[in-house]
Amino acid sequence: MADRADREYTCPWCGTRTDGSPLSCPGCGVKTDVRAVVTNSGWTQLPGRRDMAKLQFGNSYCQIEGTYVPVADMSLAAGDGVYFAHHVLLWKDPPVQVTTMPLKGAWKRLLAGMPLIMTQAHGPGHIAFSRDAPGEMIALPLSRGQSVDVREHLFLVGTHQVAYDWIDTGIWFQTKSGDETETHYPLGMFLDRFTAPQDHGLLLLHAAGNVFVRELAPGQTILVKPTSFLFKDPSVQMHLHFERPQVSWRSWGAWGERYLWLTLRGPGRVAVQSVFERLEGEHLNIQSHSHATHRQW
Amino acid sequence: MTEPRLDPLQRIRCEWCQGQNEPTAVSCRSCGAPLDVKNLVSDSGWREAPRIKDMTEIHFGGSTCQVEGEIVPVAEINLAPGDSVYFEHHVMLWKDEAVPMTLLPLTGGVKRAFAGMPFLISVAHGPGRIAFSRDATGELVVLPLHPGMELDVREHAMLVASHQIAYSFIRIKGLRNILFGGQGMFMDRFVTGGEPGVLLLHGYGNVFERTLKAGESILLEPGAFLYKDSSVTMEVETQKLSTGFFGGTSMNLAKMTGPGRVGIQSMYVHHAAE
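Every value quoted in this text rests on a predicted model; they were computed, and no experiment measured them.

1. Examining the overall build of chain B
Then comes step 1: For chain B, the helix and strand inventory stands at one helix and 25 strands.
Then comes step 2: Out of the 274 residues belonging to chain B, those deemed buried represent 54%.
Then comes step 3: Across chain B, every contact between residues at least 6 apart in sequence was considered, and the portion connecting residues at least 24 apart equals 70%.
Then comes step 4: For chain B, the accessible area works out to roughly 12,200 Å², and carbon and sulfur atoms hold 56% of it.

Shown next as structure tokens:
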């Protein structure tokens, strides 16, 4: 019989290496020995997680409870901390200290409707987080030096090893209706960028519906609905793409028979969620937009 | 080598869509329902739509459709050359860059709008991949339509339909039906010609179906209505509720009269809130 120490197991979802003895991956909570569920077209579905799966970070751990609207239940060790937007806090032990975290460029975030105050909690003690919609909890373990760009409002909680910053999405279009000009940001004005500069960290996101991830080869593209976009590696480029269907007659005018897509270009990882909001302003008269490609069928 | 001929008696009949399947199949080829589950029927006669197992494949024409995810399922279609599907354009989740798109010419010239946008039906043509999903928790209902079938569907409940099925819409008759029916002014009507096709609906919450005998009626919350055979008639029935003050209030229910199938969703949109 092979010795446990000789065995090596790589989690198909997050790539964490273990000796295969834990029942679920300590990095992301996915069941050990689960087969990566890949669709015929190459999207990997976020694998099922055992209820009550435990994730390890620093000296603390996080237990993910429930499968419909999952709760992240953190057991913080002394010296470990997490940060979060205050509205996701579900409950906490009285001794757990919650303080605000200074954010740079706060006025810009207020403008973009993003949470202005980021709160942080320090161990020791228990604290739990959840969101307001049925969906999946995505655990993204960040190895040292790794970054990920996340659509705004998906962030649930990050450990103190993860640095938080934001970048412009660079995706916008301007519509004109009468005298009114409006700028729309299909992905929001900013993308959250999370980096683990020195040490391994854990990032938890909450997505509505089901989650699918795929790896794009260099130069490979995929068109996704802008509002379904979840996260990407910083190496993935994105821009708007207008597509016009072939029509035999045109009488509707206003909409201009046009589909608005987000092109994602590899190399790197991209993720989408199966629930999306309606794209605002899509049907209006688009006057100008950020860099985009066009296709007429 | 020729494929071994199957004994027709050995085929498994799908409890949900009555489709015939090979004895080795675990899920129905044409509707994706697991073949090992029995029909789940409540004491009052409602049949629960089968939860389609994750990653189940459904076949239509030369194309396949894979149903992915169980919270808000995605229908991912691999279109064969010559096959096409149609849908309302806001349900597209992602597609290959090379899948051509056209619009379905709608007859009648009646102006319909959805969320302020003109109502248009888009068509995606094979070969290539395209995927669809909706905006809330629910179930995908796969309805294989056999030749000669006519099905009426709640407006905007269609996710995607294969090209073998003809699409039209009917105006809901009667002002009371429009005002109090809770379903807007139109119902989508799907009719099959000579070839079988597949229709995918998205129902919010869970989906149940019941077959009404000729003349049998059931009263539904109008927002719960999902689909019906065109042989089922629908009218609004107002129920007076006496509160003892100012003559009370009233509620409106949709009265469905058989013969035929009626499908409902459990997470309905209440028309007063719409």
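2. Notes on the overall build of chain A
Then comes step 1: Along chain A, the regular secondary structure elements total one helix and 27 strands.
Then comes step 2: Put simply, chain A has 297 residues, and 54% of those count as buried.
Then comes step 3: When contacts within chain A are restricted to residue pairs at least 6 apart in sequence, long-range pairs at least 24 apart make up 73% of them.
Then comes step 4: On chain A, roughly 13,200 Å² of surface is accessible, and the fraction owed to carbon and sulfur atoms is 50%.

3. Focus: the environment of N59 of chain A
All names here are of chain A.
Then comes step 1: Locating N59 in the fold gives a position in the loop between β4 (53-57) and β5 (60-65).
Then comes step 2: N59 gets classed as exposed once you look at its relative accessible area, which sits at 64%.
Then comes step 3: It is 31 Å that separates the C-alpha atoms of N59 and G268, two residues lying 209 residues apart in sequence.
Then comes step 4: Excluding its chain neighbours within four sequence positions, the residues that come into contact with N59 are A77 and D80.

4. Side note on the interface of chain B and chain A
Then comes step 1: Each side of the interface is counted separately: chain B has 46 residues, and chain A has 41 residues.
Then comes step 2: Interface area, chain B with chain A, both sides summed: about 3,700 Å², of which 63% is carbon and sulfur.
Then comes step 3: The tally of links between chain B and chain A comes to one salt bridge.
Then comes step 4: Between E243 of chain A and K95 of chain B there is a salt bridge whose closest N-O contact spans 2.8 Å.
Then comes step 5: At the junction of chain B and chain A, the tally comes to 17 residue pairs in polar contact (both at pLDDT 80 or more).
Then comes step 6: The biggest single contributor to the side of chain B that touches chain A is strand β8 (residues 92-95) of chain B, with four residues.

5. So, the sheet that holds strand β25 (residues 268-273) of chain A
Residues and elements named next belong to chain A.
Then comes step 1: On the basis of which strands lie adjacent, the open sheet formed by seven strands has the order β3-β20-β25-β22-β13-β18-β15 and antiparallel pairing. Two strands close off the open sheet at either side, each with one partner strand: β3 (44-45) and β15 (163-168).
Then comes step 2: Here strand β22 (residues 229-232) runs beside β25; their pairing, made up of three bridges, is antiparallel. When the sheet's bridge partners are listed, F231 is paired in β25 with A271.

6. Observations regarding the state of the cysteines
All names here are of chain B.
Then comes step 1: For the structure shown, the criterion picks out zero disulfides over all chains.
Then comes step 2: You can see C31 has no disulfide; the closest cysteine sulfur is in C17, sitting 3.6 Å from it.
Then comes step 3: With relative accessibility at 2%, the residue C31 sits in the buried group.

7. Examining the sheet that holds strand β24 (residues 249-257) of chain B
Pairing between the strands of a sheet is mediated by backbone hydrogen bonds and can be parallel or antiparallel.
Residues and elements named next belong to chain B.
Then comes step 1: In spatial order, the strands read β21-β24-β23; together these three strands make up an open sheet with antiparallel pairing. On the outer flanks of this sheet lie β21 (217-220) and β23 (233-241), each paired with one strand and no other. Here the average twist between neighbouring strands, direction ignored, is 35°.
Then comes step 2: The sheet contact formed by β23 and β24 spans nine bridges and is antiparallel. Across the sheet, residue L241 finds its bridge partner in β24, namely T249.

8. Things to note about the confidence of the model for chain B
Then comes step 1: Mean pLDDT over chain B stands at 81; residues scoring 70 or higher make up 82%.
Then comes step 2: Predicted complex metrics record ipTM = 0.76 and pTM = 0.81.

9. With respect to the packing of aromatic side chains
Then comes step 1: According to the stated counting rule, one finds twelve aromatic pairs over all chains in the structure shown.
Then comes step 2: Ring geometry for Y164 of chain A against W166 of chain A: centres 5.7 Å apart, planes inclined by 50°, an arrangement best described as tilted. In this structure, Y164 of chain A and W166 of chain A share a single accessibility class: buried.
Then comes step 3: On the basis of an interplanar angle of 55° and a centroid distance of 5.5 Å, the ring pair of Y167 of chain B and F190 of chain B is categorised as tilted. Residue Y167 of chain B is located in strand β17 (residues 165-171), and its partner F190 of chain B is located in strand β18 (residues 186-192); the two are separated by 23 residues in the primary sequence.

10. Some words on the environment of G215 of chain B
Residue and element names in this part refer to chain B.
Then comes step 1: Along the chain, the position of G215 falls in the loop between β20 (207-212) and β21.
Then comes step 2: Look at G215 and you get exposed, because its relative accessible area is 55%.
Then comes step 3: Each C-alpha atom, one on G215 and one on T24, is 40 Å from the other, the two residues being 191 residues apart in sequence.

11. Let's talk about the pattern of salt bridges
Residue and element names in this part refer to chain A.
Then comes step 1: Under the counting rule described, the total for this entry stands at 15 salt bridges over all chains.
Then comes step 2: Here D149 and K232 are joined by a salt bridge, their closest N and O atoms 3.0 Å apart. Of this pair, D149 sits in strand β13 (residues 147-151) while K232 sits in strand β22, and the two are 83 residues apart along the sequence.
Then comes step 3: Judged by its relative accessible area of 0%, D149 is buried.
Then comes step 4: By relative accessible area, K232 is classed as buried at 4%.

Here is what the cut-offs are and how they apply
For every chain, the first residue of the written sequence is number 1, and numbering continues from 1 onward in sequence order. Working convention: letters from A go to chains and numbers from 1 go to ligands, in the order in which they are written. Only residues with pLDDT of at least 70 get local features here, since the model is predicted, and only at 80 or more are side-chain atom pairs given and counted; chain-wide, interface and lining totals rely on the full set of residues. Neither water nor hydrogens contribute to the side-chain values; these are computed over all heavy atoms in the structure. Helix and strand assignments follow DSSP, with helices taken as H or I runs no shorter than four residues and strands as E runs no shorter than two, numbered in order from the N terminus. Exposure is judged per residue with a 1.4 Å probe applied to protein chains only, and the accessible area is read against the type maximum: over 50% gives exposed, under 20% gives buried, and values in between give partly exposed. Should any heavy atoms of two residues lie within 4.5 Å, those residues are considered in contact. Under the convention used here, a 1.4 Å probe and the Shrake-Rupley method define accessible areas, while residue burial counts only the protein chains that appear. What counts as buried area is the accessible surface, traced by a 1.4 Å probe, that two parts surrender upon association, with contributions from both included. Here, a salt bridge means any Lys or Arg side-chain nitrogen found within 4 Å of an Asp or Glu carboxyl oxygen. We call two N or O atoms a polar contact when they sit within 3.5 Å, provided that within protein one can donate a hydrogen and the other can accept it, with sequence-adjacent residues counted only if both atoms are side-chain atoms. Two strands form a pair only when DSSP identifies at least two bridges running between them. By convention in this document, the label disulfide applies to cysteine sulfur atom pairs within 2.5 Å. Every angle, taken between N-to-C directions, lies between 0 and 180 degrees, and every axis is a line fitted to C-alpha atoms, over only the stretch in contact when it is a helix. The predictor attaches a confidence to each residue, and that confidence, scored 0 to 100, is pLDDT. Within 6.5 Å between ring centres, the rings of Phe, Tyr and Trp (the latter by its six-membered ring) count as paired, and their orientation is classed by plane angle as stacked under 30 degrees, edge-to-face over 60, tilted in between.

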